[in-house]
Amino acid sequence: MSDPVTLFPNLLQPAARSYAPVGVKFWESEEAILAGMKEFSDGWFERRRIGTHAALETARRMGEAATPLDAFREYQDWLSGAMARVLEDGMACQQQFMKANARLAPHLPHAAKAEAAAQETDGRLSA
């Protein structure tokens, strides 16, 4: 009896040719998302390093403060920097989600339906 591969030599070749671009696009998107995640995490760790250094310096200055008001001012300065870093974290996260969404959304099956529905509702008048 003959080998099944030799009986049907071209059976898988058309399928491989049609699905190969989809696979390549998927892995290119995956690579871009991983690069974005690395960019985000590098920024996050840098902000944590800066925050840790700022907290250490604040603790030292609070310990050396002449009055409770001076210590409170030091704390306020540290807190404003901490909140700024939290906002930077949020903005960086949002940017990464937007990049990933822009890369993946056109390939989702419901994207064409949502676009058609949006165009349909634009033509209607509201009461």
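The shown structure was predicted, so the numbers you read here are calculated from the model rather than taken from an experiment. (Residues numbered from 1 in each chain as written. Predicted model: local features only at pLDDT ≥ 70, side-chain atom pairs only at ≥ 80, totals over all residues. Heavy atoms only, no water.)

Visitor: Got a minute to help me understand the packing of aromatic side chains in this structure?
Guide: Aromatic rings in a pair are described by how distant their centres are and how their planes are angled relative to each other. Enumeration according to the criterion identifies 3 aromatic pairs in this entry. Between W44 and F45, the aromatic rings sit 4.9 Å apart at their centres with planes inclined by 85 degrees, giving edge-to-face as the arrangement. The class for W44 is partly exposed, based on a relative accessible area of 33%. (Phe/Tyr/Trp six-rings, centres within 6.5 Å; stacked < 30°, edge-to-face > 60°. Buried < 20%, exposed > 50% of the residue type's maximum accessible area, 1.4 Å probe, protein only.)

Visitor: Where do I start with helix 3 (residues 68-104) in this structure?
Guide: Since one α-helical turn is 3.6 residues long, residues separated by three or four positions face the same way. Between its first and last C-alpha, helix 3 extends 54 Å over 37 residues, near the 54 Å set by a 1.5 Å rise per residue. Taken together, the buried positions of helix 3 are occupied by A71, E74, A82, R85, D89, A92, Q96 and A100. (Helix = DSSP H or I, 4+ residues; strand = E, 2+ residues; numbered from the N terminus. Expected span 1.5 Å × (residues − 1).)

Visitor: Can you help me understand a nonpolar patch on the surface in this one?
Guide: On the surface, a nonpolar cluster with roughly 610 Å² of combined accessible area is contributed by M62, L69, F72, Y75, L79, M83 and V86. If one sorts the elements of the nonpolar patch by residue count, helix 3 sits on top with 6 residues. Counting through the fold element by element, Y75 comes out in helix 3. (Patch = residues over 30% accessible without salt bridge, like charges linked within 9 Å, V, L, I, M, F, W, Y side chains within 5 Å. Areas by Shrake-Rupley, 256 points an atom, 1.4 Å probe, with all protein chains shown as cover. Salt bridge = Lys/Arg side-chain N within 4 Å of Asp/Glu carboxyl O.)

Visitor: Teacher, can you tell me more about the environment of D89 here?
Guide: Note that D89 resides in helix 3. Those residues in contact with D89, other than ones at most four positions away along the chain, are F40, W44, R47 and R48. (Contact = heavy atoms within 4.5 Å.)

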